[in-house]
Amino acid sequence: MKIVTLKTIFIFAWTCCYFGCQGGAWNLDSVGGGSEIVEKSGELTENEVWDGRIYVTGTVIVPEGITLTIRSGSIIGFEPLETPSQILVRGELYAEGSPALMIVFGSLGTQPTEQQETETPATSPLAGGYGFPQTRTVTQSTTMTAAPPKAGDWQGIRVESQSPNSRLTYCRIQHATAGITIGTDATQIERCLFSMNNIGVLCENANPTITNSEFNRNGTGLQLRGSAAPEVEHNAFAANEYGIICEDDSRPRIVYNEIRANYQHAIVCYSTASPEIVSNNITMNVGWAVYDGGRLRDNYISGNKQAGPNVTELSIGMQSNQFYSVDETLDPRTTPVPEAGVPRENF
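These lines cover the structure that appears in this document, whether it is placed above or below. (Residues numbered from 1 in each chain as written. Predicted model: local features only at pLDDT ≥ 70, side-chain atom pairs only at ≥ 80, totals over all residues. Heavy atoms only, no water.)

### Brief notes about the overall build of the protein chain
Broken down by element type, the protein chain carries 1 helix and 36 strands. Of all intrachain contacts in the protein chain linking residues separated by at least 6 positions in sequence, the fraction that spans at least 24 positions is 43%. Split by element, the accessible area of the protein chain, about 15,400 Å² in all, is 48% carbon and sulfur. (Helix = DSSP H or I, 4+ residues; strand = E, 2+ residues; numbered from the N terminus. Contact = heavy atoms within 4.5 Å. Areas by Shrake-Rupley, 256 points an atom, 1.4 Å probe, with all protein chains shown as cover.)

What follows is the structure in structure tokens.
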């Protein structure tokens, strides 16, 4: 590890201050024990513990046999690069925050650039007349410009198939191409917040556990590929473009979730995907509640596809005004599922 320059500290502090004012993305009062900003990139050669402010300047690789532990309250910042950086986990990753001291992963945005003050001679429109000089001086003032963080500024955290165990709790992950990409069953995501990513969580041929987490303002909250069959339980999906996308032959179990007010479909099924969709509240999505697949049981479906805020779907067919071409529908509810969504004490 090496301590970064004064310029880098200024950049990090400026960005933290800016986004703290925009809704608490960077909680400067909730940092770990370290007071210095530490720069990281490359492959770890021994077990490491990150604590405080970490500045990632290139891809970090956690190889097999190595453990990376990130302590509660740490802030992990990524500078946008031409080739976006990521944390690539082949060993073990434990990022375990707390309700008061969440771990934050996110982009720093484009660094401020300074335009120096310059003086340029220019011809006066009154040159030579009435005592005015032939030329005048035009002065440009100093300005600072920067671009705020956005989705895709960094690649995200990728847990590969050889990882024997990884766990993330009370983490806020934002501005990534895919906040977390999971390739192994031995991964737990619990009480995390995914916001402003292209994809919040991407599962590829893996069956992890995703519980008690929030997905908001992402392109897609959760996307499943290959034979992925995760347990997706007690989460909230709101204000994403799409709530959940199931591709290929994925078979997730989607239970006790709140899927609300997404700008397209709540749950989308492509190819032969057939999720089990049980005891969820699926409400007020602009598109279909469930589109083109899935087995539905004991769900409260209301107000989707602009049906109206008080229109509850009670059809038991394979198609209705609020869902389209599903595999099966059983026991539709007339009232919301009280246990669905994220228990409020988790955040």
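### Re the packing of aromatic side chains
Enumeration over the complete set of coordinates arrives at 5 aromatic pairs. Between W288 and Y324, the ring centres sit 5.6 Å apart and the planes meet at 40°, which makes this aromatic pair tilted. You can see W288 sitting in the loop between β31 (281–283) and β32 (290–291) and its partner Y324 sitting in strand β35 (residues 323–324), a full 36 residues away along the chain. Judged by its relative accessible area of 29%, Y324 is partly exposed. Ring centres of Y291 and Y324 lie 5.2 Å apart, and the angle between their planes is 15°; on these two criteria the pair is classed as stacked. Here the residue Y291 occupies a position in strand β32, and Y324 occupies one in strand β35, the gap between them amounting to 33 residues. Relative accessible area serves as the criterion here: at 25%, Y291 is assigned to the partly exposed category. Above the ring of W288, the side-chain terminus of K305 is found at 4.7 Å from the ring centroid. (Phe/Tyr/Trp six-rings, centres within 6.5 Å; stacked < 30°, edge-to-face > 60°. Buried < 20%, exposed > 50% of the residue type's maximum accessible area, 1.4 Å probe, protein only. Lys NZ or Arg CZ within 6 Å of the ring centre and 35° of its normal.)

### Structural notes on the sheet that holds strand β24 (residues 231–233)
Strand pairing in a sheet relies on backbone hydrogen bonds, with the paired strands running either antiparallel or parallel. Taken in spatial order, the 11 strands make up an open sheet running β3-β5-β8-β15-β18-β21-β24-β27-β30-β33-β36, and their pairing is parallel. Where the open sheet ends on each side, the last strands, each with one partner, are β3 (48–50) and β36 (328–330). If you compare each strand with its neighbour and ignore which way they point, the axes differ by 10° on average. Strand direction decides the pairing type here: strand β18 (residues 187–190) and strand β21 (residues 209–211), joined by 3 bridges, are parallel. Paired with I189 across the bridge in β21 is I210. (Pairing = 2+ DSSP bridges. Axes fitted to C-alpha atoms, helices over the stretch in contact; angles between N-to-C directions.)

### Some points on the pattern of salt bridges
Tallied over the entire structure, the rule returns 17 salt bridges. Its salt-bridge partner being R167, residue E190 comes within 3.3 Å of it at the nearest N-O pair. In this pair, E190 sits in strand β18 while R167 sits in strand β15 (residues 165–169), placing the two residues 23 residues apart along the sequence. Classification of E190 as buried rests on a relative accessible area of 16%. In this structure, R191 engages E190 in a salt bridge whose closest nitrogen and oxygen atoms are separated by 2.5 Å. One salt-bridge network, held together by shared partners, links R90, R158, E160, E204, R225 and E247. (Salt bridge = Lys/Arg side-chain N within 4 Å of Asp/Glu carboxyl O.)

### Thoughts on the environment of Q322
If you trace the backbone, Q322 turns up in the loop between β34 (300–302) and β35. Taking the relative accessible area as the measure of exposure, Q322 reaches 0% and is therefore buried. Taking C-alpha positions, Q322 is 7.3 Å from A307, a pair spaced 15 residues apart along the chain. Among all residues touching Q322, those that are not within four sequence positions of it are W288, A289, V290, I301, S302, G303, N304, A307, V311, T312 and E313. Within the structure, Q322 has its side chain in polar contact with the backbone nitrogen of N304 (distance 2.9 Å). (Polar contact = N/O pair within 3.5 Å; in protein donor to acceptor, adjacent residues only side chain to side chain.)

### A few points about unusual backbone geometry
For A239, which is not glycine, the phi torsion reads 60° and is therefore positive. With respect to the helices and strands, A239 occurs in the loop between β25 (236–238) and β26 (242–246). With a phi angle near 70°, D292 is a residue other than glycine that sits in the positive phi range. Of note, D292 is situated in the loop between β32 and β33 (295–297). In this structure D292 comes out as partly exposed when scored by relative accessible area, which is 35%.

### Some details on the state of the cysteines
Under the criterion given, the structure shown has 0 disulfides. Counting only cysteine sulfurs, C171 is the nearest neighbor of C192, a cysteine outside any disulfide, at a range of 4.5 Å. Cysteine C246 is unpaired, with the sulfur of C269 as its nearest cysteine sulfur at 4.8 Å. Owing to a relative accessible area of 0%, C246 belongs among the buried residues under this scheme. (Disulfide = S-S within 2.5 Å.)

### Digging into empty space enclosed by the protein
Enumeration according to the criterion identifies 1 cavity of 30 Å³ or more in this entry. Approximately 50 Å³ is the volume attributed to the largest cavity. Every residue lining the largest cavity is listed: L296, R297, N299, I301, E313, S315, F323, T329, L330 and P332. Split by residue class, the lining of the largest cavity holds 5 nonpolar, 3 polar and 2 charged. (1 Å grid on protein atoms, 1.4 Å probe; cavity = no way out; pocket = protein on both sides within 12 Å on 5 of 7 lines; lining within 4 Å. Points joined across faces, edges and corners; volume = space filled by probe spheres on them. Nonpolar A, V, L, I, M, F, W, Y, C, P; charged D, E, K, R; others polar.)

Keep in mind that these numbers describe shape and distance, not what the molecule does.
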